[in-house]
Amino acid sequence: MDERHQFGGRLGFILASAGAAVGLGNIWRFPYLAAKYGGGIFLLVYVIFCVTFGYTMVVAETAIGRITRQTPATAFAALTQNRLLRIGGWLNAIVPLLIAPYYSVIGGWVLKYFVAYLTGQGAALAGDTAFSAFISSPVEAEIYFILFAACTLGVIYLGVRGGIERVAKMAMPLLVVLALLISGYICTRPGAGAGIRYYLVPDITKFSYKTLLAALTQMFFSLSIAMGILITFGAYMKREVGIEDATFQIEIFDTGIAVLAGFMIIPAVFAYSGGDANALSSGPSLMFVTIPKVFASMAGGGFVGGLFFALVFFAALTSAIALAECSVSALEERLHWSRSRSTIASFVFLVALGSLSCLGFGPLANVRIFGMQFLDFFDFITNSVMMPAAALAICLLITKVIGLERVAEELEFGGQRFKLRPVFNFMIRWVCPICVIAVLIFSIASMMGLISL
Ligand code: PHE
């Protein structure tokens, strides 16, 4: 790989991976899982996973990328003849292709909310049925989804990534400031205290294996683990850049934003819906139902609502671009297609597959796969089945093929210190493989209807 394809330095690497890492996973997915799976106990388990498991996987993937200087599927193929491991490499490459479509459906919901606030229609979204009416409307939801997908692939096609990254760099800090202000407002509403307690104080009686599974799969999604992304980033990373320090920074940033988003959404459920158990466990719709109620109660809420959804839109867009870029570059590399042909083919694929998830709330509501709606199914099959399997392949590639010594050598390049080396070695040898195998077993059991998640 020549110099031009490397990140300028540490900051470039961190910003690029932070832009991909921070997205709907942090702002939309994390709070609804925390609300559903026990609040404080979920938060605690999540943070513990991030600093142990997450750290190990991010280091492992980045190291694979930097050692091989290849993309996921070819990196595995370059290192091993083992068929099963090679399939693991392919899984890493396929996951983003399956996530990008449903991710864009949620992106479409965000876009709709942004447009509604922009055109002064925001107040209507605070109604209890506004969100369900919108997602079940086949035409409107589909239009916003296609618009979001067009923005994503439009940026890739026009090659305006530089521009969008500049916007995202401004949008991200703004999002943090706005999230701080909004959560400050929400946390001081009457009744919000119970929500803060629910979110921060672990209640052991709410702990079950479901808490572990939800936290673990969310961590994969949010840190972009087992999606080939970090392998690709590692391949572009200069050897002078410390993998370990970069990992810490990405984790702190990504987890910090998720925790902050929880402070916006969970206390709001308590302040505006009295902590109703149904509202807490409502899942994907949570952000779209509670947040408009907050804006409706605020002076100037229409303006703040517009700004908020604009920023979430940018966070979602930068992540969607990273996801869609995987399929565009795969087509260019594998089939030697031109950029425009690859972009158009990816767009068609994205719209076709995403439409299933989108229409799954409307005309296709009766179609269930293993008892799930399309969007839930795609989310489940990627996060709970394919990503754990891909992660297992990564662990095995590191321990059985590359070797822990070689990884240490990479991390200690140029006299750098590999501070958590014993933790890394223990995790990658034992804890990570055992946990991902457990996730796989539970997921398959739930698909077969033996347990309910
Ligand atoms: N991690 C992103 C999020 O939290 C999702 C994503 C995964 C983005 C992989 C890019 C690549 O929203």
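Higher on the page you've got the structure.
As a starting point, this report considers the structure included with it. (Residues numbered from 1 in each chain as written. Predicted model: local features only at pLDDT ≥ 70, side-chain atom pairs only at ≥ 80, totals over all residues. Heavy atoms only, no water.)

So, on to the overall build of the protein chain. Scanning the protein chain from terminus to terminus reveals 19 helices and zero strands. In terms of overall size, the protein chain behaves like a compact globule, its C-alpha atoms giving a radius of gyration of 21 Å where 453 residues would be expected to give roughly 22 Å. The C-alpha extent of the protein chain, read off along each of the three principal axes, is 55 × 50 × 45 Å. Across the 453 residues in the protein chain, those meeting the buried criterion constitute 57%. Excluding contacts between residues fewer than 6 apart, the proportion of contacts in the protein chain whose partners are at least 24 apart in sequence is 82%. As displayed, the protein chain has an accessible area near 17700 Å², and 67% of this comes from carbon and sulfur atoms. Each charge class in the protein chain can be summarised by its mean position, and for the 29 positive and 23 negative side chains these summaries are 1 Å apart. (Helix = DSSP H or I, 4+ residues; strand = E, 2+ residues; numbered from the N terminus. Rg over C-alpha atoms; globule rule 2.2 N^0.38 Å. Buried < 20%, exposed > 50% of the residue type's maximum accessible area, 1.4 Å probe, protein only. Contact = heavy atoms within 4.5 Å. Areas by Shrake-Rupley, 256 points an atom, 1.4 Å probe, with all protein chains shown as cover. Lys, Arg positive; Asp, Glu negative; His and termini not counted. Charge placed at Lys NZ, Arg CZ, Asp CG, Glu CD.)

Right, let's talk about the side chain of Glu244 for a bit. Locating Glu244 in the fold gives a position in helix α12 (residues 243-273). Despite its burial, Glu244 remains without a salt bridge, the nearest opposite charge being carried by Lys419 at 4.0 Å. Sequence-distant contacts of Glu244, defined by excluding residues within four places in its chain, comprise Tyr55, Leu411, Arg417, Phe418, Lys419 and Leu420. (Salt bridge = Lys/Arg side-chain N within 4 Å of Asp/Glu carboxyl O.)

Enumeration according to the criterion identifies zero disulfides in this entry. Free of any disulfide, Cys326 has its nearest cysteine sulfur in Cys151, 19 Å distant. Take Cys358: it sits in no disulfide, and the sulfur closest to it among the cysteines is that of Cys151, at 15 Å. (Disulfide = S-S within 2.5 Å.)

Turning our attention to the site of the ligand. The environment of the ligand is formed by 15 residues, the closest being Ala21, Gly25, Tyr103, Phe221 and Ser222. Within the side chain of Tyr103, one N or O atom sits 2.6 Å away from an oxygen atom of the ligand. One of the backbone N or O atoms of Ser222 is found 3.0 Å from a nitrogen atom in the ligand. In the complex, the protein chains occlude 100% of the 320 Å² of accessible area that the ligand would expose alone. Using a 2 Å cut-off from the grid points, one finds that the ligand occupies the largest cavity. Of all the elements in the fold, those that place two or more residues in the shell around the ligand are α1 (10-21), α2 (24-36), α10 (209-223) and α15 (301-335). Among the residues forming the shell around the ligand, the class breakdown is nine nonpolar, six polar and no charged. (Near = heavy atom within 4 Å. Polar contact = N/O pair within 3.5 Å; in protein donor to acceptor, adjacent residues only side chain to side chain. 1 Å grid on protein atoms, 1.4 Å probe; cavity = no way out; pocket = protein on both sides within 12 Å on 5 of 7 lines; lining within 4 Å. Sits in = over half its atoms within 2 Å of the grid points. Nonpolar A, V, L, I, M, F, W, Y, C, P; charged D, E, K, R; others polar.)

All chains considered together, the criterion is met by 13 salt bridges. Close ionic contact of Glu140 with Lys112 constitutes a salt bridge, the shortest N to O distance being 2.8 Å. Residue Glu140 is located in helix α7 (residues 138-158), and its partner Lys112 is located in helix α5 (residues 83-118); the two are separated by 28 residues in the primary sequence. A salt bridge links Arg339 to Glu332, with the nearest nitrogen and oxygen atoms 3.2 Å apart. Here Glu332 falls in the partly exposed class, since its relative accessible area comes to 23%. The network of salt bridges with shared partners includes Arg66, Arg239, Arg406, Glu409 and Glu410.

Our focus in this paragraph is the environment of Ala320. Position of Ala320 relative to the elements: it lies in helix α15. Take Ala320: its relative accessible area is 3%, and that puts it in the buried class. In the structure, Ala320 is positioned 23 residues away from Ser297 in sequence and 31 Å away in space, judged by C-alpha atoms.

Further remarks concern a nonpolar patch on the surface. A cluster of nonpolar side chains, contributed by Val139, Ile143 and Leu147, occupies part of the molecular surface with about 270 Å² of accessible area. Mapped onto the elements, Val139 comes out in helix α7. Assessed through its relative accessible area of 57%, Val139 is described here as exposed. (Patch = residues over 30% accessible without salt bridge, like charges linked within 9 Å, V, L, I, M, F, W, Y side chains within 5 Å.)

Approximately 770 Å³ is the volume found for the second largest pocket. The wall of the second largest pocket is formed by 32 residues, among which Tyr32, Lys36, Tyr37, Asp376 and Leu453 lie closest to the centre. Among the elements of the structure, α2, α6 (130-136), α10, α17 (374-402) and α19 (421-447) are those that each provide at least two residues to the lining of the second largest pocket. The residue makeup of the lining of the second largest pocket, split by class, is 16 nonpolar, 10 polar and six charged. (Points joined across faces, edges and corners; volume = space filled by probe spheres on them.)

Moving on: empty space enclosed by the protein. This structure, assessed with the given rule, holds three cavities of 30 Å³ or more. Its boundaries defined by the atoms lining it, the largest cavity holds a volume of some 120 Å³. Lining the largest cavity are 16 residues, and of these Ala20, Phe221, Ser224, Ser319 and Leu323 lie nearest its centre. Counted by class, the lining of the largest cavity contains 10 nonpolar, six polar and no charged residues.

Right, let's get into the packing of aromatic side chains. Aromatic ring pairs are reported here in terms of the distance separating the ring centres and the angle at which the planes meet. Tallying each qualifying case throughout the model produces 29 aromatic pairs. Geometrically, the ring pair formed by Tyr113 and Phe288 is edge-to-face, given 5.2 Å between the ring centres and 80° between the ring planes. Of this pair, Tyr113 sits in helix α5 while Phe288 sits in helix α14 (residues 286-297), placing them 175 residues apart in sequence. Judged on exposure class, the residue Tyr113 and its partner Phe288 are both buried. Feature note: the residues Trp109, Tyr113, Tyr117, Phe131, Phe288, Phe295, Phe308, Phe309 and Phe361 constitute an aromatic cluster, connected by ring pairs. A cation over a ring is seen here: Arg29 above Phe221, with NZ or CZ 4.8 Å from the ring centre. In this structure, Arg341 is placed above the aromatic ring of Trp337, and the distance from its NZ or CZ to the ring centre is 4.6 Å. (Phe/Tyr/Trp six-rings, centres within 6.5 Å; stacked < 30°, edge-to-face > 60°. Lys NZ or Arg CZ within 6 Å of the ring centre and 35° of its normal.)

Shape descriptors only; they carry no functional weight alone.
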